[in-house]
Amino acid sequence: QVQLVESGGGLVQPGGSLRLSCAASGSILSINDMGWHRQAPGKEREMVATVTSGGTTDYSESVKGRFTISRDNAKNTVYLLMNSLKPEDTAVYYCRAVARVRVGRYYGYWGQGTQVTVSS
């Protein structure tokens with residue numbers, strides 16, 4: 001069906017930048033919304049940023065002004081540019097896509113996650 005593969009995670013110092021990528025593959029007819037969610041140890045998973053098929057974006061208050069989400073529809077890829085990273089941004093970041101593989105309704109899919117660690 002649909003597979004989402006994240007890349008770009010790693011270790012970065014506070015104040016640094018990192019760009020995450022998520023490529024969707026499979027027999028995809030179309031993709032609606034795409035987004036990024038994260039989960040820190042002992043915390044619930046939270047929405048970080050989303051972007052609609054039309055390009056409308058939404059961000060959590062904690063990352064607004066620092067993170068930028070974008071997508072390349074031709075590549076079925078969504079990106080998350082993270083600037084001015086803080087230790088509290090440390091988490092596993094998951095890619096989310098709402099897509100359909102055949103005519104009909106859309107379904108939600110999750111990537112396996114990529115670790116982002118912000119530390120000195």
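Not measured: the values here are computed from a predicted model.

Enquirer: Would you mind going over the nonpolar core with me for this structure?
Expert: A general trend in soluble globular proteins is that nonpolar side chains are found buried together. Within the largest apolar cluster, 31 residues are counted, with the highest numbers of intra-cluster contacts made by Trp36, Leu80, Met82 and Tyr93. Beyond its immediate stretch of four places on either side in the chain, Leu80 contacts Leu18, Arg19, Leu20, Trp36, Val48, Ala49, Phe67, Thr68, Ile69 and Tyr93.

Enquirer: What exactly am I supposed to notice about the pattern of salt bridges here?
Expert: Any two side chains of opposite charge can pair, so long as their charged atoms come close to each other. Here the structure, examined in full by the defined rule, presents four salt bridges. The residue Glu46 makes a salt bridge to Arg38 at a minimum N-O spacing of 2.8 Å. Judged by its relative accessible area of 33%, Glu46 is partly exposed. Across the pair Lys64 and Glu61 runs a salt bridge, and its minimum N-O distance is 2.7 Å. The exposure class assigned to Glu61 is exposed, which follows from its relative accessible area of 63%. Taken together, the shared-partner salt bridges in this structure form one network comprising Arg38, Glu46, Arg66 and Asp89.

Enquirer: Whenever I open this one, the state of the cysteines confuses me. Can you help?
Expert: Here is the idea: a disulfide is a covalent bond, and it sits between the sulfur atoms of two cysteines. The full count for this structure, using the stated rule, is one disulfide. Note on cysteine connectivity: Cys22 is disulfide-linked to Cys95, with sulfurs 2.0 Å apart. Between Cys22 and Cys95 the sulfur-sulfur dihedral comes to about -85°; the bridge is accordingly left-handed. Taken as a pair, Cys22 in strand β3 (residues 18–26) and Cys95 in strand β9 (residues 91–100) lie far apart in primary sequence, 73 residues in all. Of the two residues, Cys22 and Cys95, both sit in the buried class.

Enquirer: I would appreciate a short explanation of the packing of aromatic side chains in the present structure.
Expert: The way to describe two aromatic rings as a pair is by their centre distance and the angle between their planes. Considering all chains together, one arrives at zero aromatic pairs under this definition. Stacked on the ring of Tyr94, the Lys or Arg Arg45 has its end atom at 3.7 Å from the ring centre. Here the guanidinium or amino end of Arg45 rests over the ring plane of Trp110, the centre of that ring lying 4.7 Å away.

Enquirer: Help me understand the pairing of β9 in this model?
Expert: Regular strands have side chains that alternate between both faces of the sheet. Note: strand β4 (residues 30–39) against β9, eight bridges, orientation antiparallel. Across the sheet, the residue bridging to Met34 is Ala97, located in β9. Relative to strand β11 (residues 114–118), β9 is paired through three bridges, and the arrangement is antiparallel. Note that in β11 the partner of Val92 across the bridge is Gln115. Pairing analysis gives four bridges linking β9 to strand β10 (residues 107–110), with the strands arranged antiparallel. Looking at the pairing, Val98 lines up with Gly108 of β10. Where β9 folds back onto β10 in an antiparallel hairpin, the turn is made up of six residues, including Gly104, whose phi is positive at roughly 145°.

Rules of the game
- Residues numbered from 1 in each chain as written.
- Predicted model: local features only at pLDDT ≥ 70, side-chain atom pairs only at ≥ 80, totals over all residues.
- Heavy atoms only, no water.
- Core = buried A, V, L, I, M, F, W, Y, C linked by side-chain atoms within 4.5 Å.
- Buried < 20%, exposed > 50% of the residue type's maximum accessible area, 1.4 Å probe, protein only.
- Contact = heavy atoms within 4.5 Å.
- Salt bridge = Lys/Arg side-chain N within 4 Å of Asp/Glu carboxyl O.
- Disulfide = S-S within 2.5 Å.
- Helix = DSSP H or I, 4+ residues; strand = E, 2+ residues; numbered from the N terminus.
- Phe/Tyr/Trp six-rings, centres within 6.5 Å; stacked < 30°, edge-to-face > 60°.
- Lys NZ or Arg CZ within 6 Å of the ring centre and 35° of its normal.
- Pairing = 2+ DSSP bridges.

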